[in-house]
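What the coordinates show
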Amino acid sequence: MREDILEFLMNRRSIRSFQKKDVDNELLKKLIYVANHAPNSMNREPWKFIIIRDDKTKEELSKLHKGASHLLLAPVNIAVVGEPEVSPDTWMVDVVNATMYFVLSAYAVGLGVGWVAAYENETAKKILGIPKEKVLVTLLSLGYPDPEYKPKPKAVKSPEEVMLYEKWS
């Protein structure tokens, strides 16, 4: 059993404060390449990643709601966009799988990621020029974590609180 991988998964935290250090495009390409390996129906890969570095755009996105303020602090923002027409029955699960692969691979190389609940935010879609038929799934802040930033400890439910056997009961 790979306990180190289990610990890795349990220790990942959302980061909302970043160093003023750029994230190299080649590293971004590598992370997206890993994301493209995520489980997805018939390997259709119904997603796009919009890389956002423009300060004005990041500022606009950071004002979407109070939970989005860290977008302005990150050197890079990523908009994850689903393409329902590419995989009509499974696109949502596929896109979330790819997003998690991206997030976990970023953590593996020492980057921090903050996840913004931006599902189908029309203002964000307009800012980013996302076509009507595409679905904005989430916005991510990405960068090297501020060493002074201490994420909150994560409390989770026990397995017994979320496990059912055989049927919903």
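Located above this text is the structure these notes cover.
The paragraphs below set out a description of the structure included in this document. (Residues numbered from 1 in each chain as written. Predicted model: local features only at pLDDT ≥ 70, side-chain atom pairs only at ≥ 80, totals over all residues. Heavy atoms only, no water.)

Describing the pattern of salt bridges
- With the rule as written, the count across this model stands at ten salt bridges.
- Here K48 ties to E83 by a salt bridge, and the two come within 3.4 Å at their closest N and O atoms. Of the two residues, K48 is situated in strand 1 (residues 47-52) and E83 in the loop between strand 2 (76-82) and helix 4 (91-108); the sequence distance between them amounts to 35 residues.
- Between E85 and K134 there is a salt bridge; the shortest N-O distance is 2.2 Å. Taken as a pair, E85 in the loop between strand 2 and helix 4 and K134 in the loop between helix 5 (122-128) and strand 4 (135-143) lie far apart in primary sequence, 49 residues in all. (Salt bridge = Lys/Arg side-chain N within 4 Å of Asp/Glu carboxyl O. Helix = DSSP H or I, 4+ residues; strand = E, 2+ residues; numbered from the N terminus.)

Remarks on the environment of R44
- Residue placement: R44 occurs in the loop between helix 2 (25-35) and strand 1.
- Separated by 50 residues in sequence, R44 and D94 place their C-alpha atoms 8.8 Å apart.
- The contacts of R44, once residues within four sequence positions are left out, are V86 and S87.
- Only 3.5 Å separates the side chain of R44 from the side chain of S87, close enough to count as a polar contact. (Contact = heavy atoms within 4.5 Å. Polar contact = N/O pair within 3.5 Å; in protein donor to acceptor, adjacent residues only side chain to side chain.)

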